[in-house]
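Architecture and fold: a report
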Amino acid sequence: MNPNNSKDINEIIDALFYNVERNYEEYCSTVPYVSANREQYNFHILKPVNGRYSLLDFLLNRAISNIDCINPCDENAYDHTKVLLINTKRYEKERSKYSEDFIKRQYQKSKLHETGHALHVWDTRQDNSIHSRNSSPWYSNFIGFKQKLQGFEQLLGFKYSNMLHSFETQDAIQTQHPSVNTSYPFANHNIDEAVTEYFATKYSGLYEDTSNFGVSYVSTKPKIIAIAAPNHLNGYAHSSHFIYHLENLVSKPAMFDSTFFESDTALREFSAKYASQIEQVWSMNSTSKEMPNCADTFGKFNYLFQTACNHNSTNSPEHIQRQTMAAHQLLDWIFIFAYKQEFDKGHISNERMMEISKLSYSFSPIIYDSDKKEWNNSPIKNWYKDTYEIIKNSKGNEEQSTTGR
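Here is a short report on the structure shown in this document. (Residues numbered from 1 in each chain as written. Predicted model: local features only at pLDDT ≥ 70, side-chain atom pairs only at ≥ 80, totals over all residues. Heavy atoms only, no water.)

**Here's the deal with the nonpolar core**
The cut-off we apply is this: In this description, a nonpolar core means a group of buried Ala, Val, Leu, Ile, Met, Phe, Trp, Tyr and Cys residues linked to one another through side-chain atoms lying within 4.5 Å. Under the scheme applied here, a residue whose accessible area is under 20% of the maximum for its type counts as buried, over 50% as exposed, and between as partly exposed, the area being computed with a 1.4 Å probe on protein chains only. The helix and strand labels rest on DSSP assignments: H or I over at least four residues marks a helix, E over at least two residues marks a strand, and numbering proceeds from the N terminus. Residues are treated as being in contact if the distance between any of their heavy atoms lies within 4.5 Å.
Core analysis: the largest hydrophobic core is formed by 83 residues, its most contacted members being Leu246, Phe270, Phe301, Phe305 and Phe335. When residues of this core are assigned to their parent elements, the largest contribution, 9 residues, is made by helix α11 (residues 318-344). For phenylalanine 335, the residues in contact, after removing those within four places along its chain, are Phe242, His245, Leu246, Leu249, Phe270, Phe301 and Phe305. Counting 11 residues, the second largest nonpolar core, distinct from the first, contains Tyr41, Leu46, Ile64 and Leu164.

Quick look at the structure:
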């Protein structure tokens, strides 16, 4: 894939396998294996053992099978025909405004986002053919699966007992088009972008420095509402933090299932676990004309999540912006009530709740007062601030009391 040893392509490949590494670390203790009944496509570089893939084999297979071409260019995309496009100049105009480290992390985030798409897409077509191409009229350096397989054989021989070999594929047809073109995590394109952007931001370390958070707009009419985000140079910034809240409150297997197998498992688990919180928040706003009729609790939560992740909100008519704004607000309150339940029950420690509150305060909404020409904290933002201060003060009092004794 990199016959001329391009530095840009090498860095993209490094990012791809760093994504594999971080996803492995994320899920290895809770999802050590993936059933071959789930990952049904047969022509991966590593075969299942005893009817299942180890997590690392699963991730390596996705990385190798789902990219046939890497092309540094002037756009960022994983175009679902197994072509990975990375804009190598995307943040050059921002260099004068930010530190070198910040710009470096933004480029890493872009690479992790697009390679994240490649890991997340799920091949579901069962036709006993290899879903790959050897060439394209638009891109050079296309490497079809059979060519990749030959490369691994030359490099590794029979080092891995479960590696696929060329003689096992000699009768298989290599099809012109892949079958991953409509596969989206969480079974929704908007949430797909939010979850992929969130993990890319997390893995690039951008959440670690709140001083570099910048403004990302949720709506511009009828109210100007914004959040602060480390990935504010990206169009998906205003909603990716909702994945932070979700992953704090659902199980790792549910997040894995939704991310890698195009399911709504994580949303359904949350809906079942926090049904009373969802219903409470929804009922307080049920008469609003922005709210649709939803049959059940899951339908309500699913609607709010999908609507809050509308990444074209600020370019939309006012009624669409109202819907996005309302979904943002309600989703934020649902997460607050869920955190409160878990904290009150002792399921979240003081230290962890302070950590959550500090970061959540950073990316909670601010509202622009057009009369006074000033930004004000939303009640949501103030809740996280107050929670942090209350826990901090209570810890301080406990330490003083212990010292006094």
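**Some words on the pattern of salt bridges**
Any two side chains of opposite charge can pair if their charged atoms end up close together. Just so we agree on the cut-off: Whenever a carboxyl oxygen of Asp or Glu lies within 4 Å of a side-chain nitrogen of Lys or Arg, that contact is scored as a salt bridge.
Under the defined criterion, the tally for this structure stands at 21 salt bridges. A salt bridge links glutamate 168 to lysine 47; its shortest N-O distance comes to 3.0 Å. Linking glutamate 168 in the loop between α4 (145-156) and β7 (174-175) with lysine 47 in the loop between β1 (33-35) and β2 (52-54), this pair joins segments that are 121 residues apart in sequence. A relative accessible area of 26% means that lysine 47 is categorised as partly exposed. Lysine 340 is the partner of aspartate 344 in a salt bridge, and the nearest nitrogen-oxygen pair spans 2.8 Å.

**With respect to the packing of aromatic side chains**
Worth spelling out the cut-off: Ring pairs shown here join Phe, Tyr and Trp side chains whose ring centres sit within 6.5 Å, with only the six-membered ring taken for Trp; geometry is labelled stacked below 30 degrees between planes, edge-to-face above 60, and tilted in between. Each ring is checked for a lysine NZ or an arginine CZ that lies within 6 Å of its centre and within 35 degrees of its normal; such an atom marks a charge sitting over the ring.
In total, this model carries 32 aromatic pairs according to the counting rule given. Ring geometry for phenylalanine 242 against phenylalanine 335: centres 6.3 Å apart, planes inclined by 25°, an arrangement best described as stacked. A residue pair is termed long-range when its members are at least 10 positions apart, and phenylalanine 242 in helix α6 (residues 237-249) and phenylalanine 335 in helix α11 qualify at 93 residues. Each member of the pair phenylalanine 242 and phenylalanine 335 is classed as buried. Note on tyrosine 244 and phenylalanine 363: the rings are 5.6 Å apart at their centroids and 75° apart in plane angle, and the pair reads as edge-to-face. Of this pair, tyrosine 244 sits in helix α6 while phenylalanine 363 sits in the loop between α12 (350-362) and β10 (366-369); the two residues are 119 residues apart in sequence, bridging distant segments of the chain. Each member of the pair, tyrosine 244 together with phenylalanine 363, is buried. Site record: aromatic cluster; members linked through ring pairs are Tyr198, Phe199, Tyr203, Tyr207, Phe213, Tyr244 and Phe363. The ring of tyrosine 27 has lysine 252 sitting right over it, with the charged end atom 5.8 Å from the ring centre. Taking the ring centre of tyrosine 361 as reference, the NZ or CZ of lysine 381 above it sits at 4.2 Å.

**Overview of the sheet that holds β10**
Quick note on the threshold: Following DSSP output, two strands are said to pair if at least two bridges run between them. An axis is simply a line fitted to the C-alpha atoms; with a helix, the fit covers only the stretch in contact. Between two such axes, the angle follows the N-to-C directions and lies from 0 to 180 degrees.
Judged by pairing direction, the sheet is antiparallel, and its 4 strands sit side by side in the order β8-β9-β10-β11 without closing on themselves. Taken across any chain shown, the strands that pair with only one partner, and hence form the sheet edges, are β8 (214-219) and β11 (374-377). Taking the axes of each pair of neighbouring strands and ignoring which way they run, one obtains an average angle of 40° across the sheet. Note: strand β9 (residues 225-229) against β10, 2 bridges, orientation antiparallel. Counterpart to isoleucine 225 in the pairing with β10 is isoleucine 367.

**What to know about the sheet that holds strand β5 (residues 83-87)**
Taken in spatial order, the 3 strands of this open sheet run β3-β5-β4, and their pairing is mixed. Here the strands that pair on one side only, and so sit at the sheet edges, are β3 (69-73) and β4 (77-78). Here β4 runs beside β5; their pairing, made up of 2 bridges, is antiparallel. Bridge pairing in β5 links tyrosine 78 to leucine 84. On top of the sheet, helix α1 (residues 7-27) reaches β3 and β5; it is set at about 125° to β3, its chief contact. Each of β4 and β5 is contacted by helix α3 (residues 100-120), which is oriented at about 165° to β5, the strand it contacts most.

**Structural notes on α4**
Keep this limit in mind: For a helix, the expected span equals 1.5 Å multiplied by the residue count minus one. Our arc is simply the arc of the directions from the helix axis toward the C-beta atoms.
Taking 1.5 Å per residue, 12 residues should reach 16 Å; α4 reaches 16 Å between its end C-alpha atoms and fits that length. Of the residues making up α4, those classed as buried are Phe145, Lys148 and Leu149. Across the axial projection of α4, the buried residues extend over an arc of 100°, all falling on one side. The inward-facing, buried residues of α4 contact α2 (55-65), β6 (130-131) and β7. One or two positions beyond α4, positive phi appears at glycine 157, with a value near 60°.

**Remarks on empty space enclosed by the protein**
For the record, the criterion: Using protein atoms alone on a 1 Å grid, points that fit a 1.4 Å probe yet trap it form a cavity, whereas open point sets bounded by protein on both sides within 12 Å along at least five of seven lines form a pocket; residues with an atom within 4 Å of a point count as lining. Grid points are joined across faces, edges and corners, and a volume is the space filled by probe spheres set on the points. Following the grouping adopted for this structure description, the nonpolar residues are Ala, Val, Leu, Ile, Met, Phe, Trp, Tyr, Cys and Pro, the charged ones are Asp, Glu, Lys and Arg, and the polar ones are all others, Gly among them.
Tallied over the full model, the rule gives 1 cavity of 30 Å³ or more. The calculated volume of the largest cavity comes to roughly 70 Å³. Forming the walls of the largest cavity are Asn19, Asn23, Tyr27, Leu112, Gly116, Leu119, His120, Thr196, Phe199, Ala200, Tyr203 and Thr259. Elements with a contribution of two residues or more to the lining of the largest cavity: α1, α3 and α5 (189-203). A class-by-class count of the residues in the lining of the largest cavity yields 6 nonpolar, 6 polar and no charged.

Bear in mind that shape data such as this cannot, by itself, settle questions of function.
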